Amino acid sequence: MFTKNLSRQDVAAYLAKAKSEIFEDWEMRARQRVEAAKVQTKLALLDSLPQFMDRLVATLHSVRPEDSVQTNTDVANEHAEDRASQPEYTLDQVIAEYHLLRVTILESIEDQGLIEIETRKIYHEFVDLSISKAAIRYIEIEAQRQTQQTAEIEATRVEAERASQAKSAFLANMSHEIRTPLGAIMGFVSLIKDSKVVQDPEVSNFLSIIERNSQHLLRVIDDILDLTKVESGKMEIETVEFNLIEFLADFSSLTGMKAREKGIVFEFLSETPLPEFILSDPTRIRQILSNVVGNAIKFTERGRVELRLIYTPNHIEFKITDTGRGITEEQRKLLFKAFSQADSSTTRKFGGTGLGLILSKKLSQALGGDFTLTHSKIGCGSEFKVEFPVSVPVAAQLVPLQTAKVSPPPILTEPIYPNLQDFEVLLVEDSPDNQYLIQKMLEKTGAKIALANNGAEGVDMALAKDFGVVLMDIQMPIMDGHQAVRALRSRGFKVPVVALTAHAMKDEGERATQSGFSHFLTKPIHRKNLTDLLESIHRQANLET
């Protein structure tokens, strides 16, 4: 059989005529062998290939094929940009398509006759150039895309951090603005109750109502701040050794009182012997139990609430059972969402922010455990479970709860004031109400109080006279507390300086220490906390003299 020899012009003419059939054959092969090609439309799959074929034909027709390199490169770049814009394609798949096209074209030509060596050489150089240029351009486009994505991610991260900082600043300022007047309210109520000047039972009841609602508002503020810290990853869990038996007895005593006030029964039971001491975070455990058990009492109108404890090696499990209204399947979906309650009627009837359960869950998870609803039935009640790991000191013993010896706190008929006679105290505080409140708190200690109305005035007075301690507010006009204490420390001032702040965020305490404060008290300031701290500073000063 005679085989025709094909010149360069013959090959060019054939490709121009058979272009459609070649593309159909290539499309079938590509869809079978290239993963990304399987999901492309016909138009998207072929896209710039007609230009590719036209350039191949023009190159074969050309007297000087080498002069077509730049134009061929442009076509290869266009094809690479097309493929790079389609997220399904990888560079390997782009090259695989080119190789299939090389084979498909070559087989189609060879069916017509023998290809001259020069024509074959021009053909392979054209395809190789297309592959290499397309690969280079594809890599460039991918690099640009990665750079852009990295820049967008970085911009998003910066924006998220800025938003988080703005949120934290807002919450800290909100805390300050609410705690400052709230501290004055709670402080003066406490002074009135401690002074025993009120003999009328009804007025005493009014004061208790003010105090109770002030404490509730304070807990709401703290819950919001704590939830924000947990969500931002800034919640730090402490690990300290504490007496578990005394902790449970104290919690059960206070909770039982709340249950009796509502006319229901509260019972605490331990199903296993308990270690007398454990290592964990008692503050967060109390917060979890207060939220969960308090919630159970709030939603139980009759019957009982039980708190059961099971201890297994290095693990504690609390079960909280109530005979309340129960929870539907639909309501379960909202249980652990912030600012949500099971339905709007519960908000109207029982009040609350909806923060307690989601905060308890996140705190439990922060302790390494979890908080879940185990079961609930409408009209019968619910059972929740709190569990988390604990460490137990080597010397700790397991004791049945019934045999544990718990010393009740002493009942004080009136507050005890330390002797701070002639102890010189400089109070730097811009609020007249807080100035008067702290003066009254320290009135019976014998301390001598001098007042400064802002940081600049406080610095001048502190350097002009020998004080035993400086009590300094953080947020003040003219010069704030941080600026003032740094100014004092830079001049060699060694006297203890106590930060008084309505900012409750933990990083505020760390910032105070970095600025040079020796101690830190959060508003509302409790009289006993303040006098105990001053007594300790006074005692230490006496030892050093």
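### Let's talk about the overall build of the protein chain
Along the backbone of the protein chain there are 17 helices and 16 strands. Within the protein chain, the proportion of its 545 residues that are buried is 44%. In the protein chain, of all internal contacts separated by at least 6 residues, the share reaching a separation of at least 24 is 72%. Working note: accessible area of the protein chain is about 28,600 Å², and carbon and sulfur atoms make up 54% of it.

### A few points about helix α8 (residues 244–262)
Each α-helix turn comprises 3.6 residues. Residues three or four places apart therefore point the same way. Taking 1.5 Å per residue, 19 residues should reach 27 Å; α8 reaches 27 Å between its end C-alpha atoms and fits that length. Every buried residue of α8 is accounted for by Leu244, Ile245, Phe247, Leu248, Phe251, Ser252, Thr255, Gly256 and Ala259. Viewed end-on, α8 has its buried residues packed into an arc of 150°, placing them on one side of the element. Those residues of α8 that are exposed and angled more than 90 degrees off the buried face are Arg260 and Glu261. At the N-terminal end of α8, a side-chain oxygen is found 3.0 Å from the backbone nitrogen of isoleucine 245, two or three residues along, and the residue is asparagine 243. Of the residues flanking the end of α8, it is glycine 263, one or two places downstream, whose phi is positive at about 85°.

### A look at the sheet that holds strand β16 (residues 519–522)
Taken together, the 5 strands give an open sheet; going across it, the order is β13-β12-β14-β15-β16, and neighbouring strands pair in parallel fashion. Looking at which strands have only one partner, the edges of the open sheet turn out to be β13 (448–452) and β16. For this sheet, the mean angle separating the axes of adjacent strands, direction not counted, is 20°. Bridge count for strand β12 (residues 424–428) against β13 is 5 bridges, and the pairing is parallel. If you follow valine 428 over to β13, its bridge partner there is alanine 452. Against the sheet, helix α15 (residues 481–490) engages β14 (469–473) and β15 (497–501), with an angle of about 150° to β14.

### Describing the pairing of β15
The buried count for β15 comes to 5 of 5 residues, which makes it a mostly enclosed element. The handedness of the β14 to β15 crossover, carried by α15, is right-handed. Sheet topology note: the β15/β16 ladder contains 4 bridges and is parallel. Pairing of leucine 500 across the sheet is with leucine 521, part of β16.

### Some details on the confidence of the model for the protein chain
Mean pLDDT for the protein chain: 83, with 89% of residues reaching 70 or above. Confidence over residues 403–412 falls short of pLDDT 50; this stretch has 4 contacts with residues more than four positions distant or in other chains.

### Some points on the packing of aromatic side chains
As enumerated under the stated definition, the model contains 6 aromatic pairs in all. An aromatic cluster of at least three residues, connected via ring pairs, comprises Phe52, Tyr98 and Phe126.

### Things to note about the packing of helix α3 (residues 49–61) against helix α5 (residues 91–110)
Contact geometry for α3 and α5: axes closest at 13 Å, N-to-C directions at 50°. Of the possible angle classes, the one that applies to α3 and α5 is oblique. Seen from above, α3 lies across α5 with right-handed handedness. Contacts between α3 and α5 involve Leu49, Phe52, Met53 and Leu56 on the former and, on the latter, Tyr98, Leu101 and Ile105. Within the contact of α3 with α5, the residues separate by chemical class into 7 nonpolar, no polar and no charged.

### With respect to the sheet that holds strand β10 (residues 381–389)
Across a sheet, strands are paired by hydrogen bonds formed along the backbone, either parallel or antiparallel in direction. Strand order in the open sheet formed by 5 strands is β4-β7-β8-β10-β9, with mixed pairing between adjacent strands. A single partner strand is all that each edge strand has here, and the edge strands are β4 (265–270) and β9 (370–377). Across the sheet, the axes of successive neighbouring strands diverge by a mean angle of 15°, strand direction being ignored. Against the sheet, α8 contacts β4, β7 (304–312) and β8 (315–322), and its axis sits at roughly 165° relative to β4.

### Topic: the side chain of serine 360
Mapped onto the elements of the fold, serine 360 is located in helix α12 (residues 356–366). Contacts of serine 360, omitting those with residues within four sequence positions, involve Ile288, Asn291, Val292 and Phe371.

Definitions and limits used
The numbering scheme is per chain: residues are counted from 1 as the chain's sequence reads. Per-residue local features of the predicted model are confined to residues with pLDDT of at least 70, and side-chain atom pairs are confined, for both listing and counting, to 80 or more; whole-chain, interface and lining totals are unaffected and use all residues. Hydrogens and waters are ignored; side-chain quantities use all the structure's heavy atoms. Secondary structure elements are defined from DSSP: runs of H or I of at least 4 residues count as helices, runs of E of at least 2 residues count as strands, and each element is numbered from the N terminus. To sort residues, take the accessible area from a 1.4 Å probe on protein chains only and compare it with the maximum for the residue type: under 20% means buried, over 50% means exposed, and anything in between is partly exposed. For this analysis, residues touch if any pair of their heavy atoms sits within 4.5 Å. The Shrake-Rupley method, run with a 1.4 Å probe sphere, supplies the accessible areas, and residue values consider only the shown protein chains as cover. In this scheme, a helix's expected span is set at 1.5 Å multiplied by one less than its residue total. The reported arc concerns the directions from the helix axis to the C-beta atoms and nothing else. For this analysis, a polar contact is any N or O atom pair within 3.5 Å, provided that within protein one partner can donate a hydrogen and the other can accept it, and provided that sequence-adjacent residues contribute only side-chain to side-chain pairs. Note: two strands are recorded as paired if DSSP finds a minimum of 2 bridges between them. Angles run from 0 to 180 degrees between N-to-C directions of axes, and those axes are lines fitted to C-alpha atoms, restricted for helices to the stretch in contact. Classification remark: right-handed applies to a crossover when, strands pointing away from the viewer, the course from the first strand over the helix to the second runs clockwise. pLDDT is defined as a per-residue confidence score from the predictor, taking values between 0 and 100. Any two rings among Phe, Tyr and Trp, with Trp reduced to its six-membered ring, count as a pair given centres within 6.5 Å; such a pair is stacked if its planes are under 30 degrees apart, edge-to-face if over 60, and tilted if neither. Note on terminology: angles under 35 degrees are roughly parallel, angles over 145 are roughly antiparallel, angles of 65 to 115 are roughly perpendicular, and the others are oblique. Note on convention: near helix rotated counterclockwise from far helix by under a right angle means a left-handed crossing. Clockwise means right-handed. Classification convention: Asp, Glu, Lys, Arg as charged; Ala, Val, Leu, Ile, Met, Phe, Trp, Tyr, Cys, Pro as nonpolar; all other residues, Gly among them, as polar.

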